[in-house]
Amino acid sequence: MFDNDWDEVLAEEIQKPYFQELRYTLAREYKQHTVFPPKELLFTALKLTSFSGTRVVILGQDPYHGPGQAHGLSFSVQPGVRIPPSLQNIYKELHDDIGAPNPGHGSLLHWARQGVLLLNAVLTVRQGQPNSHKGIGWETFTDAIVEKLNEREKPLVFILWGSHAQQKGSFVDRKRHKVITSPHPSPFSAHKGFLGSRPFSETNRFLAEHGENTIDWVIPVLDQQPPQ
């Protein structure tokens, strides 16, 4: 299902009645409505970032609900799609924190491939209807993912932007793992403490202190530039 060690880690979880019910619900939703991301991209985060390879977790809420945006990674959009406002603010903070230039596109695959699990609390959404799949079972599944990571001996960094992510990560063991919190990067709240929070350098400092390779946060520029 995930083609890595998540298959074993989540084997019991995906056999539970709620997850089977979720699968039926999703089959119906994809048939009757336009749902994002496309089915084949549903588990991109888990497929790209294995359980053992996860070093950082960035929790989002639910996928972008516009055509062509969501591709299974929190805050990320496909190259060629206009960069959403929250991600623009993430890039602004990335520049102010470590000097990284705006790559001109919104794909965060570069992070995911290095062990940054870009996980949304809810993994699907109907077109044009934010939070439309809230409460259908995804939250239970993603809580289980966070719990499995929390149980790991090897320390992790959890980046929790906004009250929703902070509530979801409230049980994380802060004695073992690093938890970085700030307001959400949304234009409505970024100026309340997200901008200036320097989460990227703080993450790398923690990883280095624990003998882990740091994250190369600088996202490569692509040949074709999407609209700004």
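Keep in mind that this is a model prediction, so the values were computed, not measured. (Residues numbered from 1 in each chain as written. Predicted model: local features only at pLDDT ≥ 70, side-chain atom pairs only at ≥ 80, totals over all residues. Heavy atoms only, no water.)

J.: If you had to explain the layout of surface pockets to someone new, which residues and values would you point to?
T.: Quantified by volume, the largest pocket comes out at close to 610 Å³. Along the wall of the largest pocket there are 32 residues; nearest its centre are Gln61, Asp62, Pro63, Tyr64 and His184. Its residues assigned to classes, the lining of the largest pocket comprises 18 nonpolar, 13 polar and 1 charged. The space that makes up the second largest pocket amounts to roughly 160 Å³. Every residue along the wall of the second largest pocket is listed here: Met1, Phe19, Leu22, Arg23, Leu26, Ala27, Tyr30, Lys39, Leu42, Phe43 and Trp138. Per-element tally for the lining of the second largest pocket: the top contributor is helix α2 (residues 17-32), with 6 residues. Residues belonging to the lining of the second largest pocket are distributed by class as follows: 9 nonpolar, no polar and 2 charged. (1 Å grid on protein atoms, 1.4 Å probe; cavity = no way out; pocket = protein on both sides within 12 Å on 5 of 7 lines; lining within 4 Å. Points joined across faces, edges and corners; volume = space filled by probe spheres on them. Nonpolar A, V, L, I, M, F, W, Y, C, P; charged D, E, K, R; others polar. Helix = DSSP H or I, 4+ residues; strand = E, 2+ residues; numbered from the N terminus.)

J.: Tell me about the pairing of strand β5 (residues 157-161), residues and numbers included.
T.: Counting buried positions along β5 yields 5 of 5 residues, so the element is predominantly enclosed. Both faces of β5 are covered, namely the face carrying Val157, Ile159 and Trp161 and the face carrying Phe158 and Leu160. Sheet topology places strand β2 (residues 56-60) next to β5; 4 bridges connect them, and they run parallel. Bridge assignment links Leu59 to a residue of β5, and that residue is Leu160. Pairing of β5 with strand β6 (residues 178-182), which is carried by 5 bridges, proceeds in the parallel orientation. Note that in β6 the partner of Val157 across the bridge is Lys178. Traced from β5 through helix α7 (residues 163-168) to β6, the parallel crossover comes out right-handed. (Buried < 20%, exposed > 50% of the residue type's maximum accessible area, 1.4 Å probe, protein only. Pairing = 2+ DSSP bridges. Right-handed = clockwise from strand over helix to strand, strands pointing away.)

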